[in-house]
Amino acid sequence: MNISRLLDRKSNGFSILENNKVFWRTNSLVTYKRCPLYFKLFIIDQKEQTLDLPRNIAIAHGIIVHRAVEFLLRSYLFGLNGSTNRLLLEVIDNTIAEILEETNNVENKKLFKDSIEYGYLAKKAFQAILSLNQKIIDVESVYLYENDKFILKLTPDVILSNAIVDLKTTSKPLSNLYIYDDYNWQLSIYASLFGVEKSYFIYVSFADMDVRIVNNTEQKNKTEVLETINKLTDKVLRSEYEPRKNPLCRFCKYQSKCSLFNK
Ligand code: SF4
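In this text, all values refer to a predicted model and were calculated from it rather than measured experimentally. (Residues numbered from 1 in each chain as written. Predicted model: local features only at pLDDT ≥ 70, side-chain atom pairs only at ≥ 80, totals over all residues.)

Draft legend 1. The arrangement of the nonpolar core in detail. Ranked by internal contacts, the top residues of the largest apolar core, which has 42 residues, are Val65, Ala68, Val69, Ala122, Ala125, Val165 and Ile202. The set of elements that each furnish at least two residues to this core consists of helix H4 (57-77), helix H5 (85-103), helix H6 (115-130), strand E6 (158-160), strand E7 (163-170), helix H7 (181-194) and strand E8 (198-205). No other element matches H4, which puts eight residues into this core. Not counting the four nearest positions on each side in its chain, alanine 122 is found in contact with Val65, Ala68, Val69, Leu72 and Leu88. In terms of nonpolar packing, the next biggest core, distinct from the first, is built from 15 residues, Phe14, Trp24, Leu37 and Phe39 among them. (Core = buried A, V, L, I, M, F, W, Y, C linked by C-beta atoms within 7 Å. Buried ≥ 20, exposed ≤ 12 C-beta atoms within 10 Å, placed from the backbone. Helix = DSSP H or I, 4+ residues; strand = E, 2+ residues; numbered from the N terminus. Contact = placed C-beta atoms within 7 Å.)

Draft legend 2. Spotlight on helix H2 (residues 26-34). Within H2 the residues assigned to the buried category are Thr26, Ser28, Leu29, Thr31, Tyr32 and Lys33. Against strand E1 (14-16), strand E2 (22-25), helix H3 (36-44), strand E5 (150-154), H7 and helix H8 (222-237) lie the buried residues of H2.

Draft legend 3. Fine view of the site of the ligand. The full set close to the ligand counts 15 residues, and Cys35, Pro243, Cys249, Cys252 and Cys258 are the nearest of them. Residue composition of the shell around the ligand, by class: eleven nonpolar, two polar and two charged. (Near = placed C-beta within 6 Å. Nonpolar A, V, L, I, M, F, W, Y, C, P; charged D, E, K, R; others polar.)

Draft legend 4. Spatial organisation of the sheet that holds strand E3 (residues 136-139). Strand order in the open sheet formed by five strands is E3-E6-E7-E8-E9, with mixed pairing between adjacent strands. Two strands in the sheet have a free side with no partner beyond their single neighbour: E3 and strand E9 (210-215). Across the sheet, the mean angle from the axis of one strand to that of its neighbour is 25°, orientation sign disregarded. Here E3 pairs with E6 via three bridges, running antiparallel. (Pairing = 2+ DSSP bridges. Axes fitted to C-alpha atoms, helices over the stretch in contact; angles between N-to-C directions.)

Draft legend 5. Molecular detail of the pairing of E2. Residues Val22 and Trp24 of E2 are buried on one face, and the alternating residues Phe23 and Arg25, pointing to the opposite face, are buried as well. Strand direction decides the pairing type here: E1 and E2, joined by three bridges, are antiparallel. In the strand pairing of E2, isoleucine 16 is matched with valine 22. Of the strand pairs in this sheet, E2 and E5 are connected by four bridges, and their pairing is parallel. Across the sheet, residue phenylalanine 23 finds its bridge partner in E5, namely isoleucine 151.

Draft legend 6. View of the sheet that holds E1. Sheet architecture is open: four strands sit in the order E1-E2-E5-E4, paired in mixed fashion. The open sheet is flanked by E1 and strand E4 (143-146), the only strands paired with a single partner. Neighbour-to-neighbour, the strand axes of this sheet turn through a mean angle of 15°, independent of strand direction. By the bridge criterion, four bridges tie E4 to E5 in an arrangement that is antiparallel. Paired with leucine 144 across the strands is lysine 153, a residue of E5.

This is the structure in structure tokens:
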């Protein structure tokens, strides 16, 4: 297995390594916890993951906002604050072009919003991060955590001096947010393994053109987190891929292959 492929932020991030250790990307681990059957069909059977537009347009919006916020934070860290407007729009346009190239259909361009809208929301999210009044330690980097059973690839959006921040984009109004257990658990993994006390979601809403900071109140401690990951690792090594009903079943593209759906 090529290590640079494993470390790519976009990789699926699941492999069983030569020494029988499991390599997880946090997203894959969360997917397996939510529904082992979905994980099998989506991550193991479908090796190449490409953006499927228009179906995945919400993911594309998320990628653009993440890139734009990353750019603003890195510029801030390098003291470029104030001279970044034009460059920000360039980053957004380049990200859209990259996604269009990947999906190989220029007609998909109509699905995207105006670059100024993405830029406006990214700036609001950036200001929300600054309002937490903590030192910015790192942005959109890849880390590895290893124990005797697994290697976990961690890709936190933002690490602050005593908190982790996860950006979420949504087409819903901020008054109608539903935070899935998966999201809380993913933030608990980051916060506990990075040894910080707090974790926050910053919700970016295209419906309201606004952002909201949400404190993760369901945070688990490091022992609980590692116990759960060890159990999931043992389970995947036994090739257990049973379906598990969850709030995302109604959006699942594998409903026709699932014995639990419609029950
Ligand atoms: S419908 Fe639900 S339980 Fe069935 S595979 Fe999809 S996510 Fe899993």
